[in-house]
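If you want the building blocks of each chain, they are given just below.
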Amino acid sequence: MDDNDTLAAVLSYLPPPAASATGSLSYSFPAADVASLNGEEEDRIGRLPDEILRNIVSRLPTKDAARTTVLSSRWRHLWASIPLVLDDGAGGLAPAAAAAALASHPGPVVSARLASSQDAEVVASVFASLASRDVEDLVVVINGSWPVEYRVPSEVLDCAALGRLWIGLSQFPDTSGVAPALLSLRELGIVHSSAQDRDLHAVIPRCPELETLALVLTQDHPRYLHIWSGSLRGVVIWKSMLREVHLDDAPNLDRLLVEPIADAATHIKIIKAPKLKILGYFDVGLHQLKIGNTVIKLETKIKPNAMVRTLRTLALKVQFGVEDQVKLMPTLLKCFPCLETLYIKSVPSEALVNAGIEFWDQVGFTECVYSHLKKCVLEAVRGEDNELAFAKFIMERAQMLEDLHVFVDGSCSKDFVLCRLSSEGCVSPDARVVVERQDGTVWGFQRAIDLFQSDPFGC
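Throughout this document, residue positions are counted from 1 along each chain, in the order its sequence is written. Only residues with pLDDT of at least 70 are given local features in this predicted model, and only at 80 or more are side-chain atom pairs given and counted; all residues enter the totals for whole chains, interfaces and linings. Hydrogen atoms and water are omitted, and side-chain values are computed over all heavy atoms in the structure.

Student: Explain unusual backbone geometry here, please?
Tutor: Phi is mostly negative for residues that are not glycine, and the peptide bonds are mostly trans. A cis amide bond links histidine 221 to the next residue, proline 222, at an omega of 5°. By the criteria applied, helices consist of DSSP H or I runs no shorter than four residues and strands consist of E runs no shorter than two, each listed in order from the N terminus. With respect to the helices, strands and loops of the structure, proline 222 is situated in the loop between β6 (212–216) and β7 (224–228). Cis geometry is found at the peptide bond from glycine 280 to tyrosine 281, where omega equals -10°. Turning to its location among the elements, tyrosine 281 is positioned in strand β12 (residues 278–283). Phi is positive for leucine 169, which is not a glycine, with a value near 50°. According to the relative accessible area criterion, leucine 169 is buried, its value standing at 0%. The phi dihedral of lysine 239 is positive, around 50°, even though this residue is not glycine. Structurally, lysine 239 is set in the loop between β8 (234–238) and β9 (244–249). Any residue under 20% of the maximum accessible area for its type is buried, any over 50% is exposed, and the rest in between are partly exposed; the area is computed with a 1.4 Å probe on protein chains only.

This is the structure in structure tokens:
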């Protein structure tokens, strides 16, 4: 992947630019003025009220908005009277251009979307100015090359009014000798960037309003993520190479969402997360789960102190052709006795062992399946005996089941799966079994970071 491709990939994960050229505006002229506006000599835009003109200027990229000041004294007043948006409408405004805009504009800064620069003095002055102007909504820092060399200046940690900070293709600020003051930060995203463990862990506990943390495409650093936060509600680890994710003390954490990548053998440890409701995708072949002091593995006897009774939605990635993964599933399910919604994504494996055909008949009492499970979704099903044996297990044991949804991939006949399952009865009289072709999935990064999604994996 060249630099342009890398930058394009990073931009696809970052929030969209604050400035928009596509916003719709409407204004109705008084009837008496309509006829006069038909003459070519009339300046229709100039007849608009200041409120509409400010809205127009606020939607322009920074350079274009600044250029309106040369139109007339009225336009000069408009530019100075709107909150400043530092954005070029593309990859990010160069710090030199941002510095010039800040010097010519006396008002507050709503948001800033900045590109990197080799001029450390200019960059530092821009961030110092942003902090003093109480930038509120978004600071995005982008570098156009890999490996990462540019480090975001530590002055960004002084932006006490900042509500959202995303860093792409850059190094996280150095916190040595700095007391982070991100007192209003609600959302922190780190995309294809390097963040030293000590720096990240110095910032997170000092953000009393932080609700969302996203690590995307990270590689060497951070290696470990330890969550000590009274405010965090959602943590998203997306295609990142983390060795450990520990929920040390997260009293308000609602969800831990993970999109795994090959060879990223992340250890997930749940110590104190009394409101955790959503977990996934947990890769049964890659990830390791530890609850309290209990490592969840084959033959582990699950005791009450190794259960998370608050969890309601679980998503797993499983290779049904791998015996150890199939046999670990009942143990995992016993860790979440009040589970109501279960997603299973079937992952192809080179070896195909009929590990689950008889195994599921021998599985004993599993509280969540018998007493709580209402919805089960099987994705990417290829019609293999192991997959259908698990579906049969759910149909025969889940007494509260309302919906079993099976999505088959392109290599499998929908009618074949439907025929195999229709011969099996459901213990739940209200159960509905649906088999459909899988044309896509709603699971994606933007859905994962949306705290308003009650079911981020939902179909």
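And the narrative resumes.
Student: I keep staring at helix α6 (residues 95–104) and nothing clicks. Help me out?
Tutor: An α-helical segment advances 3.6 residues per turn. Residues three or four places apart therefore align on the same side. Of the positions making up α6, those classed as buried are Pro95, Ala98, Ala101 and Leu102. All buried residues of α6 lie within an arc of 120° about the axis, which places them on one face of the element. In α6, the exposed positions angled more than 90 degrees off the buried face are occupied by Ala96 and Ala103. As used here, the arc is the angular range of directions from the helix axis to the C-beta atoms.

Student: Looking at this model, I keep getting lost on empty space enclosed by the protein. Mind explaining?
Tutor: The gaps of empty space that remain are located by a probe, the size of a water molecule, rolled over the atoms. Here the term cavity refers to a set of points on a 1 Å grid, laid over the protein atoms alone, in which a 1.4 Å probe fits but cannot get out; the term pocket refers to an open set having protein on both sides within 12 Å along at least five of seven lines, with lining residues being those that place an atom within 4 Å of a point. Grid points are joined across faces, edges and corners, and a volume is the space filled by probe spheres set on the points. Here the structure, examined in full by the defined rule, presents two cavities of 30 Å³ or more. Taken as a whole, the second largest cavity holds about 30 Å³ of empty space. Counting only elements with at least two residues in the lining of the second largest cavity, the list comes to α10 (359–362) and α12 (385–397). Take the lining of the second largest cavity: its biggest share by element is four residues, from α12. Residue composition of the lining of the second largest cavity, grouped by class: four nonpolar, no polar and three charged. Put simply, Ala, Val, Leu, Ile, Met, Phe, Trp, Tyr, Cys and Pro go in the nonpolar bin, Asp, Glu, Lys and Arg in the charged bin, and everything else, Gly too, in the polar bin.

Student: Can you help me understand the pairing of strand β13 (residues 288–291) in this one?
Tutor: The side chains of a regular strand alternate between the sheet's two faces. Of the two faces of β13, only the one carrying Leu289 and Ile291 is buried; Gln288 and Lys290 on the other face are not. Strands are labelled as partners when DSSP assigns at least two bridges between them. As judged from the four bridges shared by strand β11 (residues 267–270) and β13, these two strands associate in the parallel manner. The residue bridging isoleucine 270 from the neighbouring strand is isoleucine 291, located in β13. Bridge count between β13 and strand β14 (residues 294–296): three bridges; the pairing is antiparallel. Looking across to β14, one finds that lysine 290 is bridged to valine 295.

Student: Even after reading the chapter, I still don't get the environment of valine 85, so can you show me in this structure?
Tutor: Examined against the element boundaries, valine 85 turns out to sit in strand β1 (residues 84–86). For valine 85, a relative accessible area of 15% translates into the label buried.

Student: How should the side chain of glutamate 259 be read in this particular structure?
Tutor: Examined against the element boundaries, glutamate 259 turns out to sit in strand β10 (residues 255–259). Residue glutamate 259 is classed as buried on the basis of its relative accessible area of 11%. One polar contact links glutamate 259 to tryptophan 443, side chain to side chain, over a distance of 2.7 Å. By the convention used here, residues are in contact when the closest approach between their heavy atoms is within 4.5 Å. Excluding anything up to four places from it in sequence, glutamate 259 contacts Ile237, Trp238, Lys239, Tyr281, Lys317 and Trp443. Any pair of nitrogen or oxygen atoms within 3.5 Å is treated as a polar contact; in protein, a donor-acceptor pairing is required on top of that, and neighbouring residues in sequence qualify only through side-chain atoms on both sides.

Student: How should the sheet that holds β13 be read in this particular structure?
Tutor: Adjacent strands of a sheet form backbone hydrogen bonds with each other and so pair up, either parallel or antiparallel. One open sheet holds the five strands; their spatial order is β7-β9-β11-β13-β14, and the pairing between them is mixed. Each edge of the open sheet carries a strand with a single partner, namely β7 and β14. Across the sheet, the axes of successive neighbouring strands diverge by a mean angle of 15°, strand direction being ignored. Relative to β11, β9 is paired through four bridges, and the arrangement is parallel. Bridging across to β11, leucine 247 finds its partner in isoleucine 270. Orientation is described by axes fitted as lines to C-alpha atoms, over the contacting stretch for helices, and by angles from 0 to 180 degrees between their N-to-C directions.

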